Amino acid sequence: MSEASSVIDDLCRESEELDRLVGELDAERWALATPAVGWSVAHQIAHLAWTDHSALLAVTDARAFAAEVDKALSAPDTFVDEGADAGAALPPARLLAEWRQGRAALGQALRAAPPKARFPWYGPPMSVASMATGRLMETWAHGQDVADALGVVRAPTDRLRHVVRIGVRARDFAFRARGLDVPPEEFRVEVVAPSGELWTYGPKDAGQRVTGPALDFCLLVTQRAHRADLAVRAEGADADRWLDIAQAFAGPPGAGREPGGGDR
């Protein structure tokens, strides 16, 4: 199985898991507030549907996607919220159907794309595997917001390896997004998977190190929890600074969360 096929399969499984959380909700629970300020459960699913649509355009119609980028550049501080607001205003049954249809269409398009294709995105261009990884990361992260709103504790799976990988690879971007100098040396990252496997990145003898549970690392880089509430540890000043600013997503720095599960 190719790397891209494996990631797409895991993306489908992650989406199906979230679908099981929201598929039978009544309208009142769709309106529940999530930890993201101003966003309900409906906003979270609407955002995923909207981003899946953007990804589908990037894969199948670069010109149409470029028009979406122009819209984003004209309203950089509001375009994400505007997309979520529009979707959240739909009746829940219609929103759910649109999310299901859009993610299925994206999965089919990614499977049909040439293996070495690269697609435009809001950040750097994406390969098939990278696009699927990015969608999985977002699905997991926004699914965490939904789970928190519903009071559900999700059992972590080894699909988190994709979120860990994109979080590690986004290290330099996190520094640049804040106008900071990128550390010149690689970091060593060692995280323990839900299965107990040790996932490692970077040279063994690196002076800057990050260690901890994979789940906690993923909560950190998706900014779903404050580092003070997580068992992720740093050795070295640059690694320590990274844990304050890490982000696995494209775009401007996120607001993050306050210690104890609140919002900034």
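Remember, it's a predicted structure, so these values are computed and weren't measured experimentally.

Draft legend 1. Representation of helix α4 (residues 62-74) in the model. End to end, α4 covers 18 Å across 13 residues, agreeing with the expected 18 Å (1.5 Å per residue, within 8%). Buried residues of α4: F65, E68 and A72, and no others. Around the axis of α4, the buried residues are gathered within 55 degrees of arc, so they sit on the same side. Facing away from the buried side of α4, by more than 90 degrees, are the exposed residues R63, D70, L73 and S74. For α4, the secondary structure elements touched by its buried residues are α3 (41-60) and α5 (79-88).

Draft legend 2. Main features of the nonpolar core. Formed by 34 residues in total, the largest nonpolar core has its most connected members in V163, V164, V210, F217 and W242. Looking at this core, the elements that each hand over two or more residues are α7 (128-150), α8 (160-169), α9 (171-177), β3 (188-192), α10 (214-221) and α11 (237-245). Among the elements that take part in this core, α10 stands out by supplying 6 residues, more than any other. Once residues lying within four places of it in the same chain are set aside, the contact partners of W242 are G167, V168, R171, A174, F175, F187, V189, V210 and F217. Listed in part, the 20 residues of the second largest apolar core include A58, V59, F65 and A132.

Draft legend 3. Structural detail: the packing of aromatic side chains. In the structure shown here, the tally under the stated rule is 7 aromatic pairs. Centre to centre, the rings of F65 and Y122 are 5.2 Å apart; their planes meet at 65 degrees, and the pair counts as edge-to-face. Of this pair, F65 sits in helix α4 while Y122 is found in the loop between β1 (118-119) and β2 (126-127), placing the two residues 57 residues apart along the sequence. Between W121 and Y122, the aromatic rings sit 4.9 Å apart at their centres with planes inclined by 65 degrees, giving edge-to-face as the arrangement. Using a relative accessible area of 28% as the deciding quantity, one classes Y122 as partly exposed. These aromatic residues form a ring-pair network of at least three members: W50, F65, F79, W121 and Y122. Sitting over the face of the ring of W99, R103 holds its NZ or CZ atom 4.3 Å from the ring centroid. One residue, R171, lies across the ring of F187, its end atom 4.3 Å from the ring centre.

Draft legend 4. The environment of D145, seen in detail. Inspection of the secondary structure assignment puts D145 in helix α7. Here D145 falls in the buried class, since its relative accessible area comes to 1%. Considering only alpha carbons, one finds D145 and T34, 111 residues apart in sequence, at a separation of 5.7 Å. Leaving out residues up to four positions away in the same chain, D145 has contacts with T34, P35, A36, Q44, R224 and R257.

Draft legend 5. Spotlight on the packing of α3 against helix α6 (residues 92-112). Close contact between α3 and α6 brings their axes to 9 Å; oriented N to C, the two are set at 30 degrees. In this view, α3 runs roughly parallel relative to α6, as classed from their interaxial angle. Between α3 and α6 lies a crossing whose hand is left-handed. Together, A42, I45, A46, L48, A49, D52, A55, L56, V59 and T60 of α3 and L95, W99, G102, R103, A105, L106, A109 and L110 of α6 make up the contact between the two elements. When the residues that make up the contact of α3 with α6 are grouped by side-chain class, the tally is 14 nonpolar, 2 polar and 2 charged.

Draft legend 6. Spotlight on the packing of helix α1 (residues 3-22) against α7. Across the interface, α1 lies against α7 with an axial gap of 9 Å and an inter-helix angle of 20 degrees. What the angle tells us is that α1 and α7 run roughly parallel. In this structure, α1 meets α7 at a crossing whose hand is left-handed. Residue-level inspection shows E3, A4, V7, I8, D10, L11, E14, S15, L18, L21 and V22 of α1 in contact with α7, the latter providing V128, A129, A132, T133, R135, L136, T139, W140, G143, V146, A147 and L150.

Draft legend 7. Inspection of the side chain of E68 at higher detail. Within the element layout of this structure, E68 appears in helix α4. Judged by relative accessible area, which is 17%, E68 ranks as buried. Among all residues touching E68, those that are not within four sequence positions of it are L57 and Y122.

How each quantity is defined
- Residues numbered from 1 in each chain as written.
- Predicted model: local features only at pLDDT ≥ 70, side-chain atom pairs only at ≥ 80, totals over all residues.
- Heavy atoms only, no water.
- Helix = DSSP H or I, 4+ residues; strand = E, 2+ residues; numbered from the N terminus.
- Expected span 1.5 Å × (residues − 1).
- Buried < 20%, exposed > 50% of the residue type's maximum accessible area, 1.4 Å probe, protein only.
- Arc of directions from axis to C-beta.
- Contact = heavy atoms within 4.5 Å.
- Core = buried A, V, L, I, M, F, W, Y, C linked by side-chain atoms within 4.5 Å.
- Phe/Tyr/Trp six-rings, centres within 6.5 Å; stacked < 30°, edge-to-face > 60°.
- Lys NZ or Arg CZ within 6 Å of the ring centre and 35° of its normal.
- Axes fitted to C-alpha atoms, helices over the stretch in contact; angles between N-to-C directions.
- Parallel < 35°, antiparallel > 145°, perpendicular 65-115°, else oblique.
- Left-handed = near helix turned anticlockwise from the far one by under 90°.
- Nonpolar A, V, L, I, M, F, W, Y, C, P; charged D, E, K, R; others polar.

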